[in-house]
Amino acid sequence: EDEALIRLDLVEMLTEAGYQVIAEASNGKEAIDLVETHKPDLAILDINMPIMDGLTAAESIVKSTPVLMLTAFSQRDLVSRASEIGVMAYVVKPFTINDLIPAMEIATSRFREMLELSKEVSDLTQRLETRKVIDKAKGILMKALNLSEAEAFSDRKSTRLNSSHVKRSRMPSS
């Protein structure tokens, strides 16, 4: 928030509601720097700020921190841009703490969910790539040994059983 009086009121409201405000920025560039330094649970930004507007700052911040836009602007194009950027919540001034807290909680919750989903997608992508390599290798072996898929599976199964049997037969007796 670029207006000191509004920023002061916001800090007071959040502190009284039990939240800890760890940094305050008066422009978008400063907001980006403070988020990188302090790694807050949530960044609350206004759209209209000097040096760099809040939406431009949000584009950088949303990669690491959930962003809630707190602004007097409710035009569809701004809301749409905020959504496209990845802003997690949008609250229009004037507001009360009862308007803000649910938006804050949902924003942080959705951000955590998105991080978990992103990790899951990454894991599934890696597993899919591994599966593709295995299938390609299987195809090469099937062609080299002139086996059908069923024969290769049957041969692989019996090889595993024989390997398992060999391992057991080599164990020392007690």
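Residues numbered from 1 in each chain as written. Predicted model: local features only at pLDDT ≥ 70, side-chain atom pairs only at ≥ 80, totals over all residues. Heavy atoms only, no water.

A. Expanded view of the overall build of the chain. If you tally the helices and strands in the chain, you get 6 helices and 3 strands. Listing every helix and strand of the chain by position from the N terminus yields α-α-β-α-β-α-β-α-α. The buried share of the chain, taken over its 174 residues, is 28%. Put simply, 50% of the contacts in the chain that link residues at least 6 apart link residues at least 24 apart. Entry remark: accessible area of the chain is about 12100 Å², with carbon and sulfur atoms responsible for 55%. (Helix = DSSP H or I, 4+ residues; strand = E, 2+ residues; numbered from the N terminus. Buried < 20%, exposed > 50% of the residue type's maximum accessible area, 1.4 Å probe, protein only. Contact = heavy atoms within 4.5 Å. Areas by Shrake-Rupley, 256 points an atom, 1.4 Å probe, with all protein chains shown as cover.)

B. View of the nonpolar core. Ranked by internal contacts, the top residues of the largest apolar core, which has 19 residues, are Leu 45, Leu 55, Ala 58, Ile 61, Val 67, Met 69 and Val 87. With 4 residues, helix α3 (residues 54-61) is the largest single contributor of residues to this core. Contact partners of Leu 45, with chain neighbours within four places excluded, come to Ala 31, Gly 54, Ala 57, Ala 58, Ile 61, Val 67, Leu 68, Met 69 and Leu 70. Judged by nonpolar contacts, the second largest core, of 15 residues, contains Leu 70, Ala 89, Phe 95 and Ile 97. (Core = buried A, V, L, I, M, F, W, Y, C linked by side-chain atoms within 4.5 Å.)

C. Molecular detail of the side chain of Arg 7. One can find Arg 7 in helix α1 (residues 4-16). Its relative accessible area of 17% is what places Arg 7 among the buried residues. Sequence-distant contacts of Arg 7, defined by excluding residues within four places in its chain, comprise Glu 1, Asp 2, Glu 24, Ala 25 and Ser 26.

D. Region of interest: the packing of α3 against helix α4 (residues 76-85). Taken N-terminus to C-terminus, the directions of α3 and α4 make an angle of 15°; their axes are 9 Å apart at the nearest point. Relative to α4, the element α3 is oriented roughly parallel. Between α3 and α4 lies a crossing whose hand is right-handed. Here Leu 55, Thr 56, Ala 58 and Glu 59 of α3 lie close against α4, whose contacting residues are Leu 78, Arg 81, Ala 82 and Ile 85. Classifying every residue of the contact of α3 with α4 by side-chain character gives 5 nonpolar, 1 polar and 2 charged. (Axes fitted to C-alpha atoms, helices over the stretch in contact; angles between N-to-C directions. Parallel < 35°, antiparallel > 145°, perpendicular 65-115°, else oblique. Left-handed = near helix turned anticlockwise from the far one by under 90°. Nonpolar A, V, L, I, M, F, W, Y, C, P; charged D, E, K, R; others polar.)

E. Structural detail: the side chain of Thr 71. Checked against the element boundaries, Thr 71 lands in strand β2 (residues 67-71). For Thr 71, a relative accessible area of 0% corresponds to the buried category. Only 3.2 Å separates the side chain of Thr 71 from the side chain of Asp 46, close enough to count as a polar contact. Thr 71 has contacts with Asp 46, Ile 47, Tyr 90, Val 91, Val 92 and Lys 93, leaving out every residue within four places of it along the chain. (Polar contact = N/O pair within 3.5 Å; in protein donor to acceptor, adjacent residues only side chain to side chain.)

F. Seen up close, the layout of surface pockets. Roughly 660 Å³ of internal volume is contained in the largest pocket. Of all the secondary structure elements, the ones that give two or more residues to the lining of the largest pocket are α1, α2 (28-38), β1 (43-45) and α5 (97-145). Of all the elements, α1 adds the most residues to the lining of the largest pocket, at 4 residues. (1 Å grid on protein atoms, 1.4 Å probe; cavity = no way out; pocket = protein on both sides within 12 Å on 5 of 7 lines; lining within 4 Å. Points joined across faces, edges and corners; volume = space filled by probe spheres on them.)

G. Quick look at α3. Taken together, the buried positions of α3 are occupied by Gly 54, Leu 55, Ala 57, Ala 58 and Ile 61. Down the axis of α3, the smallest arc covering the buried residues is 155°, so these residues share one side. Tucked into the core, α3 has its buried residues touching α2, β1, β2 and α4. The opening residue of α3, the one whose side-chain oxygen lies 2.9 Å from the backbone nitrogen of Leu 55, is Asp 53. (Arc of directions from axis to C-beta.)

H. Here's a closer look at the confidence of the model for the chain. Per-residue confidence for the chain gives a mean pLDDT of 87, with 87% of residues at or over 70. Predicted confidence is poor over residues 160-171, with pLDDT under 50, and the contacts of this stretch with residues over four places away or in other chains come to 0 contacts. (pLDDT = per-residue confidence, 0-100.)

I. Expanded view of the pattern of salt bridges. All told, the structure shown has 8 salt bridges when counted by the stated rule. Here Arg 110 and Glu 113 are joined by a salt bridge, their closest N and O atoms 3.3 Å apart. On the criterion of helical spacing, the pair formed by Arg 110 and Glu 113 is a turn pair, its members being 3 residues apart in helix α5. Close ionic contact of Asp 123 with Arg 127 constitutes a salt bridge, the shortest N to O distance being 3.8 Å. Of this pair, Asp 123 and Arg 127 both sit in helix α5, 4 residues apart, which is roughly one turn of the helix. (Salt bridge = Lys/Arg side-chain N within 4 Å of Asp/Glu carboxyl O.)

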